[in-house]
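# Fold and geometry: a report
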Amino acid sequence: MVVIDRLDNLQDIAGWSVWKKPVAPVPIDSCFKLEDIPGKGMGMVATRLIHAGELICAERPIVVTTRNVAVNGEETYNDGTFHRNCITGLSEKARAAILSLKNSFPPSSGLDMLPGMLKSNYLEVDMTERPDPERPYSGCFPILSRINHDCSPSANYFFAFEPYCGQLWAARDIPDGGEITIAYTTLPAPRVDRQAHLSERYFFTCTCVACSLPPIEAARSDTRRIGLSKLLARSSTRSGLISAAELQQGVKWAEDEGLAAIAAHAAYYGAGNLAMCGDGELALEWARRGRDACRMVEGEGSYNVRELEQLLALSPQDLRLLARLGRRP
Ligand SMILES: [Zn+2]
(Lines give C-alpha, C1' and ligand atoms only; values in the text may rest on other atoms or scores of the structure.)
Protein backbone atom coordinates (compact mmCIF):
# COMPACT_ATOMS: atom_id res chain seq x y z
CA MET A 1 0.00 0.00 0.00
CA VAL A 2 1.18 3.51 -0.82
CA VAL A 3 0.14 6.53 1.29
CA ILE A 4 0.59 9.99 -0.20
CA ASP A 5 0.77 12.52 2.63
CA ARG A 6 3.02 14.96 4.48
CA LEU A 7 6.15 13.40 6.00
CA ASP A 8 5.14 14.02 9.64
CA ASN A 9 1.77 12.36 9.03
CA LEU A 10 3.46 9.40 7.30
CA GLN A 11 5.76 8.78 10.27
CA ASP A 12 2.70 8.67 12.52
CA ILE A 13 0.72 6.40 10.16
CA ALA A 14 3.63 3.94 9.79
CA GLY A 15 3.50 3.32 13.55
CA TRP A 16 -0.20 2.33 13.69
CA SER A 17 -0.83 -1.07 15.28
CA VAL A 18 -3.59 -1.73 12.73
CA TRP A 19 -0.98 -2.78 10.13
CA LYS A 20 -0.18 -5.85 12.25
CA LYS A 21 -3.83 -6.96 12.22
CA PRO A 22 -5.56 -8.81 9.39
CA VAL A 23 -8.38 -7.25 7.38
CA ALA A 24 -11.40 -8.72 9.17
CA PRO A 25 -14.07 -9.85 8.87
CA VAL A 26 -13.77 -11.23 5.35
CA PRO A 27 -16.71 -13.32 4.11
CA ILE A 28 -15.69 -16.93 3.51
CA ASP A 29 -17.94 -17.57 0.51
CA SER A 30 -17.64 -15.02 -2.25
CA CYS A 31 -21.10 -13.89 -3.35
CA PHE A 32 -20.11 -11.71 -6.32
CA LYS A 33 -18.17 -11.62 -9.56
CA LEU A 34 -16.73 -8.80 -11.63
CA GLU A 35 -17.95 -8.76 -15.22
CA ASP A 36 -18.71 -6.49 -18.13
CA ILE A 37 -22.02 -4.65 -17.68
CA PRO A 38 -23.56 -3.53 -21.00
CA GLY A 39 -23.08 0.23 -21.46
CA LYS A 40 -21.14 0.62 -18.20
CA GLY A 41 -17.88 -1.30 -18.51
CA MET A 42 -16.71 -3.52 -15.65
CA GLY A 43 -19.06 -3.90 -12.68
CA MET A 44 -19.99 -6.18 -9.77
CA VAL A 45 -22.77 -8.78 -9.97
CA ALA A 46 -24.29 -11.04 -7.27
CA THR A 47 -23.67 -14.79 -7.80
CA ARG A 48 -26.39 -15.75 -5.30
CA LEU A 49 -29.15 -14.03 -3.34
CA ILE A 50 -27.44 -11.54 -1.01
CA HIS A 51 -29.49 -10.50 2.01
CA ALA A 52 -29.78 -6.90 3.23
CA GLY A 53 -27.11 -6.22 5.86
CA GLU A 54 -24.66 -8.86 4.54
CA LEU A 55 -20.99 -7.96 4.21
CA ILE A 56 -20.22 -8.49 0.52
CA CYS A 57 -16.54 -7.57 0.39
CA ALA A 58 -13.79 -6.07 2.57
CA GLU A 59 -10.35 -5.01 1.37
CA ARG A 60 -7.53 -2.58 2.05
CA PRO A 61 -6.81 0.20 -0.43
CA ILE A 62 -3.67 0.03 -2.58
CA VAL A 63 -3.16 3.80 -2.85
CA VAL A 64 -4.31 6.32 -0.22
CA THR A 65 -3.85 10.04 -0.74
CA THR A 66 -4.66 13.19 1.17
CA ARG A 67 -6.90 15.40 -0.93
CA ASN A 68 -4.86 18.35 0.33
CA VAL A 69 -1.73 16.97 -1.35
CA ALA A 70 0.79 19.67 -2.24
CA VAL A 71 2.39 18.66 -5.53
CA ASN A 72 5.57 20.32 -6.72
CA GLY A 73 3.96 22.06 -9.69
CA GLU A 74 0.72 21.17 -11.45
CA GLU A 75 2.67 19.82 -14.41
CA THR A 76 4.16 16.84 -12.53
CA TYR A 77 0.64 15.99 -11.34
CA ASN A 78 -1.03 16.22 -14.73
CA ASP A 79 1.72 14.45 -16.72
CA GLY A 80 1.76 11.50 -14.30
CA THR A 81 5.38 11.94 -13.09
CA PHE A 82 4.30 12.44 -9.48
CA HIS A 83 2.04 9.37 -9.33
CA ARG A 84 4.42 7.14 -11.30
CA ASN A 85 7.05 7.85 -8.65
CA CYS A 86 4.50 7.21 -5.90
CA ILE A 87 3.59 3.70 -7.08
CA THR A 88 7.13 2.43 -7.76
CA GLY A 89 7.23 0.86 -4.29
CA LEU A 90 4.11 -1.26 -4.85
CA SER A 91 4.29 -4.98 -5.61
CA GLU A 92 3.88 -5.95 -9.25
CA LYS A 93 0.44 -7.41 -8.49
CA ALA A 94 -0.75 -4.22 -6.76
CA ARG A 95 0.63 -2.03 -9.55
CA ALA A 96 -1.11 -4.18 -12.15
CA ALA A 97 -4.40 -3.85 -10.22
CA ILE A 98 -4.13 -0.05 -10.29
CA LEU A 99 -3.11 0.04 -13.95
CA SER A 100 -6.10 -2.12 -14.96
CA LEU A 101 -8.64 0.37 -13.56
CA LYS A 102 -10.67 2.50 -15.95
CA ASN A 103 -9.61 6.06 -16.74
CA SER A 104 -12.78 8.14 -17.21
CA PHE A 105 -10.96 11.39 -18.01
CA PRO A 106 -11.04 12.34 -21.70
CA PRO A 107 -7.78 13.34 -23.46
CA SER A 108 -9.07 16.94 -23.54
CA SER A 109 -8.70 17.06 -19.72
CA GLY A 110 -4.91 17.11 -20.19
CA LEU A 111 -4.58 14.52 -17.42
CA ASP A 112 -2.16 11.61 -17.86
CA MET A 113 -3.55 8.04 -17.77
CA LEU A 114 -2.28 7.21 -14.25
CA PRO A 115 -3.66 10.21 -12.30
CA GLY A 116 -6.77 9.82 -14.50
CA MET A 117 -7.19 6.19 -13.38
CA LEU A 118 -6.69 7.10 -9.73
CA LYS A 119 -9.04 10.10 -9.80
CA SER A 120 -11.71 8.07 -11.63
CA ASN A 121 -11.66 5.34 -8.99
CA TYR A 122 -11.08 7.03 -5.65
CA LEU A 123 -13.42 6.26 -2.75
CA GLU A 124 -13.41 8.17 0.54
CA VAL A 125 -11.20 6.76 3.30
CA ASP A 126 -10.58 8.00 6.85
CA MET A 127 -7.28 8.56 8.58
CA THR A 128 -8.87 9.20 11.98
CA GLU A 129 -11.19 7.01 14.06
CA ARG A 130 -13.87 9.69 13.95
CA PRO A 131 -14.37 10.80 10.31
CA ASP A 132 -12.78 14.26 10.02
CA PRO A 133 -14.04 16.49 7.17
CA GLU A 134 -11.00 18.75 7.71
CA ARG A 135 -8.67 15.88 6.71
CA PRO A 136 -10.17 14.36 3.56
CA TYR A 137 -8.46 11.28 2.11
CA SER A 138 -9.19 9.08 -0.88
CA GLY A 139 -8.26 5.48 -1.63
CA CYS A 140 -8.08 3.20 -4.67
CA PHE A 141 -9.12 -0.44 -4.28
CA PRO A 142 -8.59 -3.46 -6.57
CA ILE A 143 -12.23 -4.63 -6.29
CA LEU A 144 -14.29 -1.90 -4.59
CA SER A 145 -13.15 0.74 -7.10
CA ARG A 146 -14.78 -1.27 -9.90
CA ILE A 147 -18.33 -1.01 -8.54
CA ASN A 148 -20.67 1.11 -10.65
CA HIS A 149 -22.91 3.96 -9.52
CA ASP A 150 -26.69 3.99 -9.06
CA CYS A 151 -28.84 6.81 -7.61
CA SER A 152 -30.69 4.15 -5.54
CA PRO A 153 -27.69 1.89 -4.86
CA SER A 154 -28.13 -1.74 -3.84
CA ALA A 155 -25.08 -1.60 -1.55
CA ASN A 156 -23.28 0.84 0.72
CA TYR A 157 -19.54 1.50 0.69
CA PHE A 158 -18.21 2.17 4.19
CA PHE A 159 -14.64 2.73 5.35
CA ALA A 160 -13.91 0.97 8.65
CA PHE A 161 -10.95 2.64 10.34
CA GLU A 162 -10.15 -0.08 12.88
CA PRO A 163 -9.39 -2.97 10.50
CA TYR A 164 -8.45 -0.19 8.03
CA CYS A 165 -10.44 -1.46 5.10
CA GLY A 166 -13.21 -0.52 2.74
CA GLN A 167 -16.35 -2.57 3.30
CA LEU A 168 -19.33 -3.20 1.07
CA TRP A 169 -22.66 -3.87 2.80
CA ALA A 170 -25.88 -4.97 1.04
CA ALA A 171 -28.39 -2.13 1.44
CA ARG A 172 -31.28 -4.39 0.41
CA ASP A 173 -31.80 -7.95 -0.80
CA ILE A 174 -29.89 -8.35 -4.08
CA PRO A 175 -31.06 -11.23 -6.32
CA ASP A 176 -28.69 -13.70 -7.99
CA GLY A 177 -27.45 -11.91 -11.14
CA GLY A 178 -28.42 -8.44 -9.83
CA GLU A 179 -25.86 -5.64 -10.12
CA ILE A 180 -24.22 -4.46 -6.91
CA THR A 181 -23.96 -0.66 -6.96
CA ILE A 182 -22.85 2.23 -4.73
CA ALA A 183 -23.20 6.04 -4.84
CA TYR A 184 -20.64 8.34 -6.48
CA THR A 185 -22.62 11.49 -5.74
CA THR A 186 -24.88 13.09 -3.13
CA LEU A 187 -28.13 11.13 -3.29
CA PRO A 188 -30.55 13.47 -1.48
CA ALA A 189 -30.44 15.85 -4.46
CA PRO A 190 -32.65 16.39 -7.52
CA ARG A 191 -31.90 14.49 -10.73
CA VAL A 192 -30.48 17.54 -12.53
CA ASP A 193 -27.90 18.11 -9.77
CA ARG A 194 -26.92 14.44 -9.56
CA GLN A 195 -26.52 14.17 -13.31
CA ALA A 196 -24.51 17.41 -13.53
CA HIS A 197 -22.05 16.20 -10.89
CA LEU A 198 -21.69 12.72 -12.41
CA SER A 199 -21.12 14.22 -15.84
CA GLU A 200 -18.56 16.81 -14.67
CA ARG A 201 -16.65 14.56 -12.29
CA TYR A 202 -17.03 11.07 -13.82
CA PHE A 203 -17.89 11.83 -17.47
CA PHE A 204 -21.02 9.69 -17.79
CA THR A 205 -24.77 10.19 -17.98
CA CYS A 206 -26.62 8.18 -15.34
CA THR A 207 -29.43 6.06 -16.77
CA CYS A 208 -30.44 4.35 -13.52
CA VAL A 209 -34.13 3.76 -12.71
CA ALA A 210 -34.39 6.97 -10.62
CA CYS A 211 -32.85 9.00 -13.47
CA SER A 212 -35.13 7.42 -16.10
CA LEU A 213 -38.52 8.04 -14.47
CA PRO A 214 -41.30 9.63 -16.55
CA PRO A 215 -41.82 13.38 -15.81
CA ILE A 216 -44.53 13.18 -13.11
CA GLU A 217 -42.77 10.44 -11.14
CA ALA A 218 -39.41 12.18 -11.63
CA ALA A 219 -40.85 15.36 -10.11
CA ARG A 220 -42.14 13.36 -7.12
CA SER A 221 -38.74 11.73 -6.69
CA ASP A 222 -37.05 15.16 -6.79
CA THR A 223 -39.49 16.51 -4.19
CA ARG A 224 -38.68 13.63 -1.82
CA ARG A 225 -34.91 13.99 -2.29
CA ILE A 226 -34.95 17.79 -1.89
CA GLY A 227 -37.10 17.44 1.27
CA LEU A 228 -34.65 14.85 2.59
CA SER A 229 -31.69 17.10 1.86
CA LYS A 230 -33.26 20.00 3.79
CA LEU A 231 -34.19 17.74 6.70
CA LEU A 232 -30.66 16.31 6.95
CA ALA A 233 -29.15 19.80 6.81
CA ARG A 234 -31.36 20.92 9.69
CA SER A 235 -31.05 17.82 11.87
CA SER A 236 -27.28 17.42 11.43
CA THR A 237 -26.74 20.78 13.14
CA ARG A 238 -28.67 19.44 16.15
CA SER A 239 -30.38 22.78 16.49
CA GLY A 240 -33.47 21.16 17.97
CA LEU A 241 -35.77 21.99 15.09
CA ILE A 242 -36.85 18.52 13.98
CA SER A 243 -40.06 16.99 15.24
CA ALA A 244 -40.56 13.23 15.39
CA ALA A 245 -43.23 13.57 12.66
CA GLU A 246 -40.74 15.31 10.33
CA LEU A 247 -38.14 12.66 11.06
CA GLN A 248 -40.65 9.90 10.31
CA GLN A 249 -41.49 11.65 7.03
CA GLY A 250 -37.80 11.97 6.11
CA VAL A 251 -37.10 8.29 6.73
CA LYS A 252 -40.18 7.39 4.65
CA TRP A 253 -38.89 9.56 1.77
CA ALA A 254 -35.49 7.83 1.97
CA GLU A 255 -37.11 4.38 2.01
CA ASP A 256 -39.38 5.29 -0.93
CA GLU A 257 -36.28 6.38 -2.88
CA GLY A 258 -34.38 3.18 -2.00
CA LEU A 259 -31.78 5.04 0.07
CA ALA A 260 -31.09 2.75 3.04
CA ALA A 261 -27.88 4.49 4.13
CA ILE A 262 -29.54 7.92 4.01
CA ALA A 263 -32.50 6.60 6.06
CA ALA A 264 -29.98 5.28 8.62
CA HIS A 265 -28.18 8.63 8.82
CA ALA A 266 -31.49 10.52 9.13
CA ALA A 267 -32.40 8.32 12.12
CA TYR A 268 -28.91 8.85 13.62
CA TYR A 269 -29.12 12.65 13.39
CA GLY A 270 -32.80 12.62 14.37
CA ALA A 271 -32.12 10.71 17.60
CA GLY A 272 -29.51 13.29 18.66
CA ASN A 273 -31.88 16.07 17.69
CA LEU A 274 -34.78 14.68 19.73
CA ALA A 275 -32.44 14.17 22.69
CA MET A 276 -31.51 17.87 22.50
CA CYS A 277 -35.24 18.69 22.59
CA GLY A 278 -35.51 16.74 25.84
CA ASP A 279 -37.88 14.10 24.49
CA GLY A 280 -36.10 11.20 26.20
CA GLU A 281 -38.40 8.30 25.26
CA LEU A 282 -38.67 9.28 21.60
CA ALA A 283 -34.93 9.98 21.36
CA LEU A 284 -34.15 6.49 22.67
CA GLU A 285 -36.67 4.89 20.31
CA TRP A 286 -35.01 6.63 17.34
CA ALA A 287 -31.55 5.83 18.70
CA ARG A 288 -32.47 2.12 18.59
CA ARG A 289 -33.81 2.46 15.05
CA GLY A 290 -30.76 4.46 13.97
CA ARG A 291 -28.32 2.01 15.56
CA ASP A 292 -29.92 -1.00 13.86
CA ALA A 293 -30.13 0.81 10.51
CA CYS A 294 -26.51 2.09 10.68
CA ARG A 295 -25.28 -1.38 11.71
CA MET A 296 -26.99 -2.84 8.65
CA VAL A 297 -25.22 -0.54 6.16
CA GLU A 298 -21.94 0.11 8.03
CA GLY A 299 -21.41 -2.85 10.39
CA GLU A 300 -19.93 -2.81 13.89
CA GLY A 301 -17.07 -0.54 12.78
CA SER A 302 -19.56 2.33 12.40
CA TYR A 303 -18.81 5.41 14.47
CA ASN A 304 -22.54 6.23 14.38
CA VAL A 305 -23.39 2.84 15.92
CA ARG A 306 -20.94 3.43 18.78
CA GLU A 307 -22.32 6.95 19.41
CA LEU A 308 -25.90 5.67 19.45
CA GLU A 309 -24.91 2.86 21.86
CA GLN A 310 -23.64 5.58 24.22
CA LEU A 311 -26.94 7.43 23.89
CA LEU A 312 -28.85 4.21 24.60
CA ALA A 313 -26.91 3.74 27.84
CA LEU A 314 -28.71 6.84 29.20
CA SER A 315 -32.23 6.89 30.66
CA PRO A 316 -35.07 9.18 29.48
CA GLN A 317 -34.62 11.09 32.77
CA ASP A 318 -30.87 11.57 32.07
CA LEU A 319 -31.71 12.92 28.61
CA ARG A 320 -34.34 15.32 29.96
CA LEU A 321 -31.87 16.64 32.54
CA LEU A 322 -29.10 17.11 29.96
CA ALA A 323 -31.54 18.94 27.65
CA ARG A 324 -32.59 21.25 30.49
CA LEU A 325 -28.91 22.02 31.14
CA GLY A 326 -28.46 22.68 27.41
CA ARG A 327 -25.84 19.92 27.10
CA ARG A 328 -25.47 17.40 24.33
CA PRO A 329 -25.82 13.77 25.36
ZN1 LIG B 1 -29.11 7.97 -11.63
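Residues numbered from 1 in each chain as written. Predicted model: local features only at pLDDT ≥ 70, side-chain atom pairs only at ≥ 80, totals over all residues. Heavy atoms only, no water.

As recorded in an unreviewed UniProt entry, the protein chain goes by SET domain-containing protein and comes from Ceriporiopsis subvermispora.

## Describing the pattern of salt bridges
Our working rule: Salt bridges are defined by distance alone: a side-chain nitrogen of Lys or Arg within 4 Å of a carboxyl oxygen of Asp or Glu. Think of it this way: any DSSP run of H or I at least four residues long counts as a helix, any run of E at least two long counts as a strand, and we number them from the N terminus.
For the structure on display, the rule yields 15 salt bridges. D112 is paired through a salt bridge with R84; the nearest N and O atoms lie 3.4 Å apart. With D112 in the loop between helix 4 (92-99) and helix 5 (113-121) and R84 in helix 3 (residues 81-86), the pair connects residues that are 28 residues apart, well separated along the chain. A salt bridge links E300 to R295; its shortest N-O distance comes to 2.8 Å.

## Side note on the sheet that holds strand 9 (residues 155-160)
Using the following cut-off: Pairing between strands requires that DSSP locate at least two bridges from one strand to the other. All axes are obtained by fitting lines to C-alpha atoms, using only the stretch in contact for helices, and the reported angles, taken between N-to-C directions, cover 0 to 180 degrees. Contacts between residues were defined by any pair of non-hydrogen atoms, one from each residue, lying within 4.5 Å.
Read from one edge of the open sheet, 3 strands run 4-10-9, paired in antiparallel fashion. For this open sheet the edge positions go to strand 4 (55-59) and strand 9, each flanked by a neighbour on one side alone. Neighbouring strand axes in the sheet, compared pairwise and without regard to direction, differ in orientation by 20° on average. Pairing between strand 9 and strand 10 (residues 165-170): 6 bridges, direction antiparallel. Bridge pairing in strand 10 links F159 to G166. The sheet contacts of helix 10 (residues 280-298) involve strand 9 and strand 10, and relative to strand 10 the element is tilted by about 115°.

## A look at the sheet that holds strand 7 (residues 137-140)
Taken in spatial order, the 4 strands of this open sheet run 1-5-7-6, and their pairing is mixed. In this open sheet, the two edge strands, each paired with only one partner strand, are strand 1 (2-4) and strand 6 (123-125). Strand after strand, the sheet turns through a mean of 30° between neighbouring axes, direction not considered. Pairing between strand 6 and strand 7: 3 bridges, direction antiparallel. Counted as the bridge partner of V125 is Y137 from strand 7.

## Notes on the side chain of H83
Keep this limit in mind: The classification of residues rests on relative accessible area computed with a 1.4 Å probe and restricted to protein chains. Under 20% of the type maximum is buried, over 50% is exposed, and intermediate values are partly exposed.
Counting through the fold element by element, H83 comes out in helix 3. Given the relative accessible area of 3%, H83 is considered buried.

## A short note on the packing of helix 8 (residues 244-256) against helix 10
The condition that has to hold: Any angle from 65 to 115 degrees is called roughly perpendicular, while one under 35 is roughly parallel, one over 145 is roughly antiparallel, and all others are oblique. Crossing handedness follows the turn of the near helix against the far one: under a right angle anticlockwise gives a left-handed crossing, and clockwise gives a right-handed one. Throughout this entry, Asp, Glu, Lys and Arg are counted as charged residues, while Ala, Val, Leu, Ile, Met, Phe, Trp, Tyr, Cys and Pro are counted as nonpolar. The remaining residues, Gly among them, count as polar.
Here helix 8 crosses helix 10 at 15°, and the two axes come no closer than 12 Å. By the angle between their directions, the pair helix 8 and helix 10 is classed as roughly parallel. Note on packing geometry: the crossing formed by helix 8 with helix 10 is left-handed. Every residue of helix 10 that contacts helix 8 at A244, L247, Q248 and V251 is listed here: L282, W286 and R289. Its residues assigned to classes, the contact of helix 8 with helix 10 comprises 5 nonpolar, 1 polar and 1 charged.

## Focus: helix 6 (residues 191-202)
What counts here: Helix span, expected: 1.5 Å multiplied by one less than the number of residues in the helix. The directions from the helix axis to the C-beta atoms form the arc being described.
Helix length check: helix 6, at 12 residues, gives a terminal C-alpha distance of 16 Å against a target of 16 Å (1.5 Å per residue), a fit within 8%. Within helix 6, the full set of buried residues consists of R194, L198 and Y202. Down the axis of helix 6, the buried set is contained in an arc of 30°. They therefore lie on one face. When the buried face of helix 6 is taken as reference, the exposed residues oriented beyond 90 degrees from it are V192 and E200. On its buried face, helix 6 is in contact with helix 5, strand 8 (148-149) and helix 7 (215-236). Taken from the residues just after helix 6, F203 is the one with a positive phi, measuring 60°.

## Some remarks on the coordination of the zinc ion
Formally: Note on donors: an N, O or S atom is included if it sits within 2.8 Å of the metal, or within 3.2 Å for Na, K and Ca, and water is never included, so sites can look incomplete. All geometry calls rest on donor angles, where a four-donor set with angles between 85 and 135 degrees is tetrahedral, four- and six-donor sets with opposite donors more than 155 degrees apart and all others between 65 and 115 are square planar and octahedral, and all else is irregular.
Within the protein, the atoms that donate to the zinc ion are C151 (SG), C206 (SG), C208 (SG) and C211 (SG), at distances of 2.3 to 2.4 Å. Taken together, the 4 donor atoms coordinating the zinc ion and their angles of 103 to 116° define a geometry best described as tetrahedral. Sequence spacing of the donors to the zinc ion: C-x54-C-x1-C-x2-C. An identical accessibility class is assigned to C208 and C211; each is buried.

## Focus: unusual backbone geometry
Despite not being glycine, Y164 has its phi angle at roughly 50°, a positive value. Take Y164: its relative accessible area is 0%, and that puts it in the buried class. Within the chain, F203 stands out as a residue other than glycine whose phi angle is a positive 60°. When you line up the elements, F203 lands in the loop between helix 6 and helix 7. On the basis of relative accessible area, F203 is assigned to the partly exposed category, the value being 35%.

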